[in-house]
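Geometric and topological summary
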Amino acid sequence: MASATTESAAAAPVEWRPSVNPWMVAVSVMLATFMVVLDSSVANVALPHIAGNLSASTDESTWVLTSYLVSNAIMLPASGWIARRIGRKRLLIASIVVFTAASLLCGMAINMPMLIVARVLQGIGGGGMQPLAQSILLESFPPIKHGLAMAVYGVGVVVAPVIGPTLGGWITDSYSWRWIFYVNLPVGMLALFMVNLFVEDPPYLRRGLRGAIDYLGFGLMAVWLGTMQLVLDKGQEADWFEARWIGCVTGISAVALAGFIVREVRSREPIVQLRVLGNRNFRVGTLITGVYGFILYGVTAMLPLFLQTVLGYSALESGLTVSPRGIGSILSILIVGALANRVDGRVLLACGFAILAWSTFLLGHINLGISIGSVALPNLINGFAGGFIFVPLTTMTMSRLRKEEIGNAAGIYNLMRNIGGSIGIASVTALLVRGSQTHQNYLAGNLTASSPAAVGMLESLQRKFAAGGADGFTAQREALGALYLSMQQQAAVLAYADNFRLLGYLSLLCIPPLVFLHRLRQRSLRRPEIGSE
């Protein structure tokens, strides 16, 4: 009996663990991930400076963002397949080298085409780092510590976009826009040294993947993601489907998506293993993270825009006003990291989405006389909700996958969050424009000669401008202009408030699907390791 037990224990596979402390692995991969996620948001506030310095128009300068997002989106789902062929560690090292070198080229750019090419290279280098970091952390830590590992991952992914605009505004105002790229050089070199020293590949990745390369699948994926990102980024500027090229590119994207799905399902060695969506936890979790990306990026895009365009804040002041979100994220991530193995993840997620809805409803009460504190508090609550969502959602989504599937699944998971974010930014931008026009039409109906309030305000403005030295005709013209500007501002505020409330309702709609997630199995989380004391 004892010998049979001994033989079965010997035959059981020993679960792989890295030879170094997993916390050193975590620091290594998160250093690189934090750099990449930070860089994706830090360039936003510098666009006017970049356009002016390189003699480009504002529309041309937006390609600095679009080019990065397109190449980044293509690399996200492909990272798992590339890692299976050359190894996760080699891919991560190559990604850091490409990203760091491209950052140097961005800072040295002498014209807009050179900067755009360098940003494409940055996107290629940075695209694989998020899913690689996620899969490395999940395999380096035992299952019982996966919640803690995802808390560490969340610090980089959730906090970096929050402090990005603040840091970018400070660097741009104090030094030059070029330094937002140069600061990546020492961080990239340190990350390269630490990854080379501490990160290891599990045995199944060291063997590598052999077989033909699915060029058709990769091509269809590149066309689908590239055209989709192009439509989302440029759609509002072109008035969406009023522009013929938007319709054509959207059709190409839809055909490429259909062809990509058919190809990947039928291929023996697909670029992206879509069969992993057959796992219910992963399927539901991926859908929810897409909606969460819509909400998160929607709020992140709207609030600085409101503060700068409506209230007249500078880029640095705007960044400082929204920075409490980062504090809230860090606090909640630390709390949830400790609660992950004690409380049902679905309960944590429900609390997180309820808190997120509360924060967006608070932002739905904005007005032209709002104080900094009235904006900072909802931001703090918004960030606090992030930890309750990101950590348990990632842990539960990946909990029932085999280790061999995690790398591929992490690419799909991160891609869905980014796609949700891109759709969110495009949607709220379009809704802001159309909502402002709608509210302006309603408000204009009250600005008539029969309205005592409108007539009284107009006369008051005329007296103000006349007291400043203007003649009667000029005073009346300036008074009408000031009244129209006030109406535009009020219409814009109402459109922003509508969008924040819409995101609040969307947050509440994320709670019912949580019942379809399977609860983490505590027995599997606490299974002993063979050979451990």
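All chains use their own residue numbering, which begins from 1 and follows the written sequence. Note on the predicted model: pLDDT of at least 70 is required for a residue's local features to be given, and 80 or more for side-chain atom pairs to be given and counted; whole-chain, interface and lining totals, by contrast, use all residues. Side-chain metrics rest on all non-hydrogen atoms present in the structure, leaving aside hydrogens and water.

This part covers the overall build of the protein. Each helix is a run of DSSP H or I of at least 4 residues and each strand a run of E of at least 2, with the numbering of both proceeding from the N terminus. For the protein, the count of helices and strands is 23 helices and zero strands. Taken over C-alpha atoms, the radius of gyration comes to 26 Å for the protein, in line with the 24 Å a tight globule of 533 residues would show. Seen through its principal axes, the protein has C-alpha atoms that stretch 105 × 50 × 45 Å. Per-residue burial over the protein gives 52% buried out of 533 residues. Shrake-Rupley sampling with a 1.4 Å probe provides the accessible areas, and residues are treated as covered by the protein chains on show and by no other component. On the protein, roughly 23600 Å² of surface is accessible, and the fraction owed to carbon and sulfur atoms is 66%. Note on charges: Lys and Arg go in the positive column, Asp and Glu in the negative column, and His and the chain ends are not counted at all. To locate a charge, take atom NZ for lysine, CZ for arginine, CG for aspartate or CD for glutamate. The centroid of the 37 positive side-chain charges in the protein is displaced by 10 Å from the centroid of its 26 negative side-chain charges. Only C-alpha atoms enter the radius of gyration, while the globule expectation follows 2.2 Å times N to the 0.38, with N the number of residues. In this scheme, a residue with accessible area under 20% of its type's maximum is buried, one over 50% is exposed, and one in between is partly exposed, where area comes from a 1.4 Å probe on protein chains only.

Below, the discussion takes up the nonpolar core. The nonpolar core is taken to be a set of buried Ala, Val, Leu, Ile, Met, Phe, Trp, Tyr and Cys residues, with the residues joined through side-chain atoms within 4.5 Å. By size, the foremost hydrophobic cluster in this structure holds 112 residues, and its most contacted members are Leu137, Met221, Trp224, Leu225 and Tyr496. Per element, the largest residue contribution to this core is 12 residues, and it comes from helix α15 (residues 280-309). Contacts are assigned to residue pairs that have any heavy atoms within 4.5 Å of one another. Not counting the four nearest positions on each side in its chain, Met221 is found in contact with Ile74, Pro77, Ala78, Phe260, Ile271 and Val272. Formed by 18 residues, the second largest nonpolar core is a distinct cluster that contains Ala43, Ala109, Ile171 and Ile180.

With that settled, the discussion passes to the packing of aromatic side chains. Under the pairing criterion, centres of Phe, Tyr and Trp rings, with the six-membered ring standing for Trp, must be within 6.5 Å; the plane angle then separates stacked pairs below 30 degrees from edge-to-face pairs above 60, leaving the rest tilted. Inspection of every chain in the model, using the stated rule, returns nine aromatic pairs. Ring centres of Trp23 and Phe141 lie 5.0 Å apart, and the angle between their planes is 75°; this geometry places the pair in the edge-to-face category. Taken together, the residues Trp23 in helix α2 (residues 22-42) and Phe141 in the loop between α8 (129-140) and α9 (146-174) connect sequence positions 118 residues apart. Both rings, one in Phe384 and one in Phe388, keep their centres 5.2 Å apart while their planes meet at 50°; by these two values the pair is tilted. A residue pair is termed a helical-turn pair when its members lie 3 or 4 positions apart in one helix, as Phe384 and Phe388 do in helix α19 (residues 372-398) at four residues.

The next subject is helix α5 (residues 63-86). What the bend at a residue measures is the angle between two axes, fitted to the seven residues ending there and to the seven starting there. Helix geometry: α5 is bent most strongly at Ala78, by close to 50°. Looking one or two places after α5, you find Gly87, whose phi comes out positive at around 100°.

Attention now moves to α9. The terminal C-alpha atoms of α9 lie 41 Å apart, and with 29 residues this matches the ideal 42 Å at 1.5 Å per residue to within 8%. Its maximal kink placed at Ala160, α9 deviates by approximately 40°, while the proline Pro161 follows within four residues. Of all 29 residues making up α9, 21 are buried, and the element is well covered by its neighbours. The span you would expect from a helix comes to 1.5 Å times its residue count less one.

This part is about the side chain of Ser422. Looking at the element boundaries, Ser422 is found in helix α20 (residues 403-444). Classification of Ser422 as buried rests on a relative accessible area of 13%. In this structure Ser422 touches Gln229 and Leu232, once residues within four positions along its chain are discounted.

Bringing the confidence of the model for the protein into the picture now. The score called pLDDT rates the predictor's confidence residue by residue, from a low of 0 to a high of 100. Looking at the protein as a whole, the pLDDT averages 82, with 92% of positions reaching at least 70. Within the protein, helix α18 (residues 345-363) carries the highest mean pLDDT (93), whereas helix α1 (residues 2-11) carries the lowest (44). Ignoring residues within four places in sequence, the model shows residues 1-13, a span with pLDDT below 50, making three contacts including any to other chains. Throughout residues 522-533 the model reports pLDDT below 50, and contacts reaching past four residues in sequence, or to other chains, amount to 16 contacts.

Below, the discussion takes up the side chain of Thr395. Inspection of the secondary structure puts Thr395 in helix α19. By relative accessible area, which is 9% here, Thr395 ends up buried. N or O atoms closer than or at 3.5 Å make up a polar contact, with two conditions inside protein: a donor-capable atom paired with an acceptor-capable one, and, for residues adjacent in sequence, both atoms drawn from side chains. Within the local environment of Thr395, its side chain forms a polar contact with the backbone oxygen of Val391, the two atoms lying 2.8 Å apart.

A word on the environment of Ser371. Its location among the elements puts Ser371 in the loop between α18 and α19. A sequence separation of 179 residues divides Ser371 from Leu192, and the C-alpha atoms of the two residues are 44 Å apart. One polar contact links Ser371 to Ser374, side chain to side chain, over a distance of 3.1 Å.

Here, a salt bridge means any side-chain nitrogen of Lys or Arg that lies within 4 Å of a carboxyl oxygen of Asp or Glu. The final tally for this structure, using the stated rule, is five salt bridges. Between Arg88 and Glu139 there is a salt bridge, with the nearest N and O atoms lying 3.3 Å from each other. On the criterion of sequence distance, the pair formed by Arg88 in helix α6 (residues 88-108) and Glu139 in helix α8 is long-range, its members being 51 residues apart. Note on accessibility: Arg88 and Glu139 belong to one class, buried. Taking the shortest distance from any N to any O, the salt bridge between Asp239 and Arg434 comes out at 3.4 Å. Of this pair, Asp239 sits in the loop between α13 (215-234) and α14 (244-266) while Arg434 sits in helix α20, and the two are 195 residues apart along the sequence. By relative accessible area, Asp239 is classed as partly exposed at 37%. Residue class for Arg434 comes out partly exposed when judged on its relative accessible area of 36%.

This next bit is on the packing of α5 against helix α7 (residues 112-127). Here an angle of 0 to 180 degrees is reported between the N-to-C directions of two axes, which are lines fitted to C-alpha atoms, with helices fitted over the stretch in contact. It is at 7 Å that the axes of α5 and α7 come closest, and there the two elements cross at 25°. When the axes of α5 and α7 are compared, the pair comes out roughly parallel. The interaxial crossing formed by α5 with α7 has right-handed handedness. Mapping the contact onto sequence places Trp63, Val64, Leu65, Ser67, Tyr68, Ser71, Asn72, Met75 and Leu76 in α5 and Met112, Leu115, Ile116, Arg119, Val120, Gln122, Gly123, Ile124, Gly126 and Gly127 in α7. Taken together, the residues that form the contact of α5 with α7 break down as 11 nonpolar, seven polar and one charged. Oblique is the label for every angle not falling under 35 degrees (roughly parallel), over 145 degrees (roughly antiparallel), or within 65 to 115 degrees (roughly perpendicular). In this scheme, a crossing is called left-handed if the near helix is turned counterclockwise away from the far one by less than a right angle; it is called right-handed if the turn is clockwise. Put simply, Ala, Val, Leu, Ile, Met, Phe, Trp, Tyr, Cys and Pro go in the nonpolar bin, Asp, Glu, Lys and Arg in the charged bin, and everything else, Gly too, in the polar bin.

Within the secondary structure layout, Ser399 lies in the loop between α19 and α20. Given the relative accessible area of 29%, Ser399 is considered partly exposed. Spatially, the C-alpha atom of Ser399 lies 9.6 Å from that of Leu138, the residues being 261 residues apart in sequence. Looking at Ser399, its side chain comes within polar contact range of the main-chain oxygen of Met396, at 2.9 Å.

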